[in-house]
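Overview (structure and organization)
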Amino acid sequence: MLAPKANSPSQFFNDIKRRVREFSLISRDPVLFLSLLISGIIIFVFVILPIYKTVSGGFFSDEGVWDLKYFARYFDDYYGPALRRSFYDTMTMGLLTALLGTVVGFIFAYATVRCNMPGKKIVHWLALLPTVSPPFALALSLILLFGRNGIITKKILGITYVAGMNDIYGMDGLVIVQTITFFSVSYLIIRAMLERLNPAMEEAAASLGASRLHIFRTVTLPLLIPGLAGSFLLLFVESLADLGNPLFIAGNKTVLSAQIFLAVIGEYDYQKASALALVLIIPTLILFVVQRYYVNRRSYISVTGKPATSQVTEKDPFIRWSFNAATYLVCFLVILLYATIVYGSFSFSWVVDFTPTLRHWTSTLTRGVEAILDTTFLSALATPFAALLGMIIAWLVVRKNFSGKEILDFSSNLGGAVPGTILGIGFIMAFNKPSLGIAVVIYALLALFYAQVVGKNAWERLIILILGTLAGVLISRTENVNQFYILGGIYVAIGLVLIAVTRKFTLSILSIVTGVYVMSTNWAVQLAKPVSDFSRTLGRGFWSNAIFQFADYIKTLLQPSTSLLAIAVFVVSVVLLMGLSNRLLRVILGVAGLIVPCALMFTGSPFALVGGAYIIMAAYIVRSLPASVRAGVASLQQIDPSIEEASNSLGADAQYTFRKVTLPLILPALLAGLIFSFTRHMTSLSAIIFLVNAKWRIVTASILSEWEQGGVSIAAAYSTVIIVLVLLAIAVLNLITNKLLRGRDGVDLSQGM
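For every chain, the first residue of the written sequence is number 1, and numbering continues from 1 along that sequence. The model is predicted, so local features are restricted to residues of pLDDT at least 70 and side-chain atom pairs to those at 80 or more, both for listing and for counting; the totals for chains, interfaces and linings are taken over all residues. Excluding hydrogens and water, the side-chain figures rest on all heavy atoms present in the structure.

**Considering the overall build of the protein chain**
Rule in force here: The numbering of helices and of strands both runs from the N terminus, where a helix is a DSSP run of H or I of at least 4 residues and a strand a run of E of at least 2. For the exposure calls, accessible area comes from a 1.4 Å probe over protein chains only, and a residue counts as buried if that area is under 20% of its type's maximum, exposed if over 50%, partly exposed in between. In what follows, residue pairs with any heavy atoms lying within 4.5 Å of each other are defined as contacts. For every accessible area listed, the method is Shrake-Rupley and the probe measures 1.4 Å; residues are considered covered only by the protein chains on display.
The helix and strand inventory of the protein chain stands at 33 helices and 2 strands. Here the protein chain holds 753 residues, and 54% of them are scored as buried. Looking at the protein chain alone, contacts between residues at least 24 apart form 81% of all its contacts between residues at least 6 apart. Summing over all exposed atoms, the protein chain offers an accessible surface of approximately 33900 Å²; the carbon and sulfur share of this is 67%.

Written out as C-alpha cells, the structure is:
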C-alpha cells in the first residue's frame, strides 16, 4: 500500500511560519536585519528590475501591445538567415575566445608557478595589464599594427589591401583581440589553483614510476578542472558581453552585443534591442548557472590540512622552456600592442607621418579633460560603495542562515554575469520616468522596519508610522523652497535633544551633520558658483575646463537624488533612535525621524535617475559588485567562525562584531575589492554607453566617438590616460595595503575572480 501523501497545504503554512520565526529572530538584531534589507533593496532595484525590464520589453510594442515580431523574425525567410548567422557568430566567438583564453592563461600560470622562469614578477604584471586598459584598446593597437594601413602590414611588409582579402577585420582578428584581453582572468584563476594544489599526490604518482605526461593527465589536470571549467565559462560570458572589440574589429561579422547597441543608438528601437538581449542572455545565464551549481559543487579536494612539501617544479627542460618561451612570446606581443597605443598617441599621422607631436595630447587634455575627470570622479565615488556592499553581502551569505540566502548570493552576481548592454537598456527603461510604485514599496518596507525597531509596542509603532508618514507626504507635496531647511532642521533638533537627554555625543553629532547635509541641497548652487565663475576668468584650456568641472562635482555631492538620499537617511534614523528608553521621547523622536526620509522619498520625481551622475554610479556598482562579493566570500571562508562567535558570546551585536572583528580580518579582500572595482569602473563601456550625456561624459565612450570620427591618435591618447590613471590608483592602493597589512599576507587579486 502506498503511503498517504503529505498534507501539502499544511506543509506550506508550516514553511511560512518557520520563515516568519526565522526573520523574527533576525530582526532582534536591527543592524543585521537592516543590512539584509538594504542589500536586498539595492539588488532588486538596480539588478533584478533592470534585467526584468529589458527581457520583458521584447514582448511589447511601444504602444504596450503584446508583440512577438522580433522573435518571429528568427524563423522567417527574409530576416531569419542573417539573425541566425549573427547568433552562430556570437557563439563561435565566445567558444573560441574561452578556449584560447583558457589555454593561454594556463600556459602563463604553469610557467610562473612551476617552471621557475626568470622575471616571473614582470611576467605577472604584464599578464594583468589587459585588465587595466579600456576594453577596445588592444583592438585599436592591433588595427594600428596589422590593419589595412597598419605599420607592419603596409609599411614593413608592403601589403596593399584588395577586396576579398583576409585581413585583421573579422572573426579571426576579433578572437585574437578578445583572447589577449581576457586571458588575464584565466591566468589568475588557474594560478591560484596551482599554488594551492597539494604536491603529495603528484609526488606519490612519480614515486610509482608514472611519466610526467601520465601524471599531468591523471592527477594534475583533474584537480584543475574547477579552475579550467570556471575560466572557460567566465571567458565565454565575458566574450559575449564585450561591446568595444566587436565594434572596432569585427568587420563583416555581426554579433549580438553590437546589434543591441545599434538597435538603440542607430534605430532607437528598444523593443528590438530587448528581444536581442533576451536571445543573448539565455546562453549567458545557462553557463553562469552551470558554473555556480555544477563545477563549484563537485569535489576536487587537494588541500587536506596535512603538512605538505614545497611546490612541485617542472624538471624536464624541454617542457619548462617550451612553456617559458610561449609565455615570453605572448608578453612580447602585449608589450608591442601597448607600446603601439602610447606611440600612436604621439604620432602626427599614423603610417603617413610618424613625427612625434603633442597636438593630440593637447586636444585630449583640453576638450577631453571633462571626460577624463568625470570618469575618475564617478569611479572613485562608486568604488567604496561597491567594495563595502560586496563585503556586507559576502558576510550575510557566509556567516548567516536565512531563507533566500541563495537568491541574494545568486542575484548579487547577476550584474557581472549578464552583458553590460542588457543592464544599460534596463536602466534606461526602469529609471527614465518617475516610478512612484518603486518608491512606495521601498518606503513601506523601510518604514515598517523602522517602526518595529524604534517603537516598543504595537501602539507606539502605529503612531510613529501613521503620523510620520502623513507629515512626510504633506511636506513633500508643499513644494516649499524652504523644504530642505525644514527637513534638515528636524535632524538638527533631534541631535540637540539627544545631547540634552541621552548624552550620546557621537549619535548627536551624526544627527546634526546629517541635518546640515540635507539643508546643503539649497546651498549647492551658491557654493559651486564661485568655482565656476573663477574658471571663466581663465583662458580656455585645461585649467579652465578642469576647474569648471569641479563646480559640477560640488553640486553632485550636495544634491543627490532625493529617493536615494531617503534610503541613506532611513539608515541614519535607525542608528540614532533604536534603544531609547523614555516612551514619550521615543514616540516624538520616532515620528520626527520618519518624517524626513518619507518627505525625501516622495519629493520631486522618485527614481527618475536617467541623465544624472547617480545612474552611472549605480551601473558601475552593479557591474563590479560580483568581484567584491567573491573576494569577501573567499576571505570569510578562510576565517574560523569561532572568532566571531566568541565576540557574540561576550555580548557584542552583529554590527559591533562585523566592525571590530570581521572587517579587520577581511581587510585584504576589501582592498582587493577596491582595486577590482576602480579598475572595472574606469574601463567600463557596455553598461554605461546608453547612460552618458552632454553633462556627464565617460572616457571609454569618448574613445569610441573619436574612433568613429577618424581621430585614431586621440583615441590612443585617451586609452593611454586611462591606463596611467588606473596604474597610479593601483599603486596608491598597494601602498596603503602595505601600510595597513604590515606583517600580514598581501592582497590576493585572484579572490575577485
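**Topic: the confidence of the model for the protein chain**
The test is simple: Every residue carries a pLDDT, the predictor's confidence in it, which falls somewhere between 0 and 100.
Counting all residues, the mean pLDDT for the protein chain is 83, and 90% of those residues have values of 70 or more. A low-confidence stretch, residues 1-6 (pLDDT under 50), is modelled with 1 contact involving residues beyond four sequence positions or located in other chains. Note that residues 298-309 has pLDDT below 50 and, in this model, 18 contacts with residues that lie over four places away or in other chains.

**A short note on the packing of aromatic side chains**
What characterises a pair of aromatic rings is the spacing of the ring centres plus the angle enclosed by the ring planes. How we decide: For Phe, Tyr and Trp, rings pair up if their centres lie within 6.5 Å, where Trp contributes its six-membered ring, and each pair is then called stacked (planes under 30 degrees apart), edge-to-face (over 60) or tilted (otherwise). Over a ring means this: the NZ of a Lys or the CZ of an Arg is within 6 Å of the ring centre and within 35 degrees of the ring normal.
On inspection of all chains with the given rule, the structure shows 25 aromatic pairs. Grouping aromatic residues by their ring pairs yields a cluster made of Phe-59, Phe-60, Trp-66 and Phe-71. Lying over the aromatic face of Phe-348, Arg-359 brings its terminal NZ or CZ to 4.1 Å of the ring centre.

**Section: a nonpolar patch on the surface**
Quick note on the threshold: Grouping into patches uses exposed residues only, defined as over 30% relative accessible area, and leaves out salt-bridged ones; the cut-off is 9 Å for like charges and 5 Å for nonpolar side chains (Val, Leu, Ile, Met, Phe, Trp, Tyr). Whenever Lys or Arg places a side-chain nitrogen within 4 Å of a carboxyl oxygen from Asp or Glu, that contact is recorded as a salt bridge.
A cluster of nonpolar side chains, Ile-156, Leu-157, Ile-159, Tyr-161, Val-162 and Met-165, forms an exposed patch at the surface whose accessible area comes to about 540 Å². Along the chain, Ile-156 turns up in helix α7 (residues 151-156). Note on Ile-156: relative accessible area 61%, which makes it exposed.

**A few points about the environment of Ser-713**
Operational definition: Any pair of N or O atoms that falls within 3.5 Å is considered a polar contact. Within protein, one atom must be able to donate a hydrogen and the other to accept it, and sequence-neighbouring residues count only if both atoms are side-chain atoms.
Mapped onto the elements of the fold, Ser-713 is located in helix α33 (residues 712-740). The exposure class assigned to Ser-713 is buried, which follows from its relative accessible area of 9%. For the pair formed by Ser-713 and Ser-347, sequence separation is 366 residues and the distance between their alpha carbons is 7.0 Å. Sequence-distant contacts of Ser-713, that is, excluding residues within four places in its chain, are made with Gly-344, Ser-345, Ser-347 and His-360. Within the structure, the side chain of Ser-713 is placed 3.1 Å from the backbone oxygen of Gly-344, a separation counted as a polar contact.

**Looking at the side chain of Ser-573**
With respect to the secondary-structure elements, Ser-573 resides in helix α26 (residues 562-577). Here Tyr-491 takes part through its side chain, which lies 2.2 Å from a polar atom of the side chain of Ser-573. Leave out the neighbours within four places in its chain, and Ser-573 touches Tyr-450, Tyr-491, Gly-593 and Pro-597.

**Quick word on unusual backbone geometry**
Phi at Tyr-268 is positive, roughly 55°, even though this residue is not glycine. The residue Tyr-268 is located in the loop between α13 (256-265) and α14 (270-295) in this model. Positive phi, close to 60°, is recorded for Phe-607, a residue that is not glycine. Judged by its relative accessible area of 0%, Phe-607 is buried.

**Structural notes on helix α5 (residues 120-128)**
Turning to α5, its buried residues are Val-123, His-124, Leu-126, Ala-127 and Leu-128. The inward-facing, buried residues of α5 abut α4 (80-114), α8 (171-196) and α15 (317-346).

**Brief notes about the layout of surface pockets**
This is how the line gets drawn: Residues are said to line a cavity or pocket when one of their atoms sits within 4 Å of a point; the points come from a 1 Å grid over protein atoms alone, cavities being sets where a 1.4 Å probe fits but cannot get out and pockets being open sets with protein on both sides within 12 Å along at least five of seven lines. Grid points are joined across faces, edges and corners, and a volume is the space filled by probe spheres set on the points. Nonpolar residues are Ala, Val, Leu, Ile, Met, Phe, Trp, Tyr, Cys and Pro. Charged residues are Asp, Glu, Lys and Arg, and all others, Gly as well, are polar.
Volume-wise, the second largest pocket comes out at about 1700 Å³. Together, 39 residues line the second largest pocket, and Ile-38, Phe-385, Leu-388, Ala-568 and Val-571 are the ones closest to its centre. Those elements that place two or more of their residues in the lining of the second largest pocket are α2 (30-57), α17 (369-399), α23 (505-519), α26, α28 (613-636) and α30 (654-665). For the lining of the second largest pocket, the leading source of residues is α26, giving 8 residues. Split by residue class, the lining of the second largest pocket holds 33 nonpolar, 4 polar and 2 charged.

**Overview of the environment of Val-481**
By the secondary structure assignment, Val-481 is in the loop between α21 (458-478) and α22 (483-501). In this structure Val-481 comes out as exposed when scored by relative accessible area, which is 66%. Taking the C-alpha atoms as reference, Val-481 lies 8.4 Å from Asn-522; in sequence the two are 41 residues apart.

**With respect to the packing of α2 against helix α20 (residues 436-454)**
Describing two packed helices takes the angle between their axes plus the distance from one axis to the other. Applied cut-off: What counts as an axis is a line fitted to C-alpha atoms, over the stretch in contact for a helix, and the angles between N-to-C directions run from 0 to 180 degrees. Here is the rule for angles: anything less than 35 degrees is roughly parallel, anything more than 145 is roughly antiparallel, 65 through 115 is roughly perpendicular, and the remaining ranges are oblique.
With their axes 11 Å apart at the nearest point, α2 and α20 run at an angle of 175° to one another. Taken together, the axis directions place α2 and α20 in an arrangement best described as roughly antiparallel. Along its contact with α2, which presents Pro-30, Phe-33, Leu-34, Leu-37, Ile-38, Ile-41, Val-45 and Leu-49, the element α20 presents Ile-438, Ile-442, Leu-445, Leu-446, Phe-449 and Val-453. Class assignment for the residues of the contact of α2 with α20 results in 14 nonpolar, no polar and no charged.

**Regarding the pattern of salt bridges**
All chains considered together, the criterion is met by 12 salt bridges. Note that Arg-148 and Asp-167 form a salt bridge whose closest N and O atoms lie 2.6 Å from each other. Here Asp-167 lies in the loop between α7 and α8 and Arg-148 lies in the loop between α6 (137-146) and α7, a separation of 19 residues in the sequence. Exposure remark for Arg-148: the relative accessible area of 38% places this residue in the partly exposed category. Between Glu-238 and Arg-680 there is a salt bridge; the shortest N-O distance is 3.9 Å. In this pair, Glu-238 sits in helix α11 (residues 225-241) while Arg-680 sits in helix α31 (residues 667-682), placing the two residues 442 residues apart along the sequence. Salt bridges linked by common partners bring Glu-460, Arg-583 and Arg-586 together as one network.

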